[in-house]
Amino acid sequence: MATGIIQDGMGRPEGDDLSTKDVSDNIQMPPELQEAYDRVVIAGMKVMYSKESHRMMLKELQKEGPIDQRLGQGIAGLMLLLFKESNETMPPEVIIPAGVKLLMEAVDFMRNTKLANPTNGDIGNAIQIMMSIILEKFGVAPDKMEQMLNQYSDENIPAAPQQMGA
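Everything quoted here is computed from the prediction, not taken from an experiment. (Residues numbered from 1 in each chain as written. Predicted model: local features only at pLDDT ≥ 70, side-chain atom pairs only at ≥ 80, totals over all residues. Heavy atoms only, no water.)

Enquirer: Pulling in residues and values, what's your account of the packing of helix α3 (residues 31-49) against helix α6 (residues 92-112)?
Expert: Where α3 contacts α6, the axes come no closer than 9 Å and their chain directions differ by 40°. It follows from the interaxial angle that α3 and α6 lie oblique. Where α3 crosses over α6, the two elements pack in a sense that is right-handed. Touching L33, A36, Y37, V40, V41, G44, M45, M48 and Y49 of α3 are E93, V94, P97, A98, K101, L102, E105, A106 and F109, all from α6. When its residues are assigned to classes, the contact of α3 with α6 shows 14 nonpolar, one polar and three charged. (Axes fitted to C-alpha atoms, helices over the stretch in contact; angles between N-to-C directions. Helix = DSSP H or I, 4+ residues; strand = E, 2+ residues; numbered from the N terminus. Parallel < 35°, antiparallel > 145°, perpendicular 65-115°, else oblique. Left-handed = near helix turned anticlockwise from the far one by under 90°. Contact = heavy atoms within 4.5 Å. Nonpolar A, V, L, I, M, F, W, Y, C, P; charged D, E, K, R; others polar.)

Structural data, given as structure tokens:
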């Protein structure tokens, strides 16, 4: 699959445990989208932790199967639900960043409650799964998505120019 931003920058497989703060600090929304992003994250948190739907979230997180799939599919479903509930007025540009933030909130919840301890690799895979599902629902074919992600991989980003002289 694609390398670069997701696996190298976000997943940090050999580094410290990735936290919601690490991810939040790296999500840079343009000023004109910040308010929409904040609204989507707040709405997602309300769905995740409201009395009516918290039990459904727990059930989703406790399902059988690999943790990365449960997280990726669960948060993709949440984002698609939020988009539908917004009467499709949510700016598409905030869906993936807000989904990543909410995915990390779910990871923190799982770690804090000892429900599971997703690794950085699990988180990176979950983000890829979430993105694949969301982009596919918006009509982006998987091969186009991989091509799009690969443009950001290390081998496609030119090295910084070296200074000449001392």
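Enquirer: Tell me about helix α7 (residues 120-137), and please be specific about residues and values.
Expert: Between its first and last C-alpha, α7 extends 26 Å over 18 residues, near the 26 Å set by a 1.5 Å rise per residue. Within α7 the residues assigned to the buried category are N120, D122, I123, G124, A126, I127, Q128, M130, M131, I134 and L135. (Expected span 1.5 Å × (residues − 1). Buried < 20%, exposed > 50% of the residue type's maximum accessible area, 1.4 Å probe, protein only.)

Enquirer: Tell me about the pattern of salt bridges, and name the residues and values.
Expert: Inspection of every chain in the model, using the stated rule, returns three salt bridges. R39 serves as the salt-bridge partner of E35, at 3.2 Å between the closest nitrogen and oxygen. With a gap of four residues between them, E35 and R39 both fall in helix α3, about one helical turn apart. Of the charged contacts in the structure, one is a salt bridge between E105 and K101, with a shortest N-O distance of 3.4 Å. A residue pair is termed a helical-turn pair when its members lie 3 or 4 positions apart in one helix, as E105 and K101 do in helix α6 at four residues. (Salt bridge = Lys/Arg side-chain N within 4 Å of Asp/Glu carboxyl O.)

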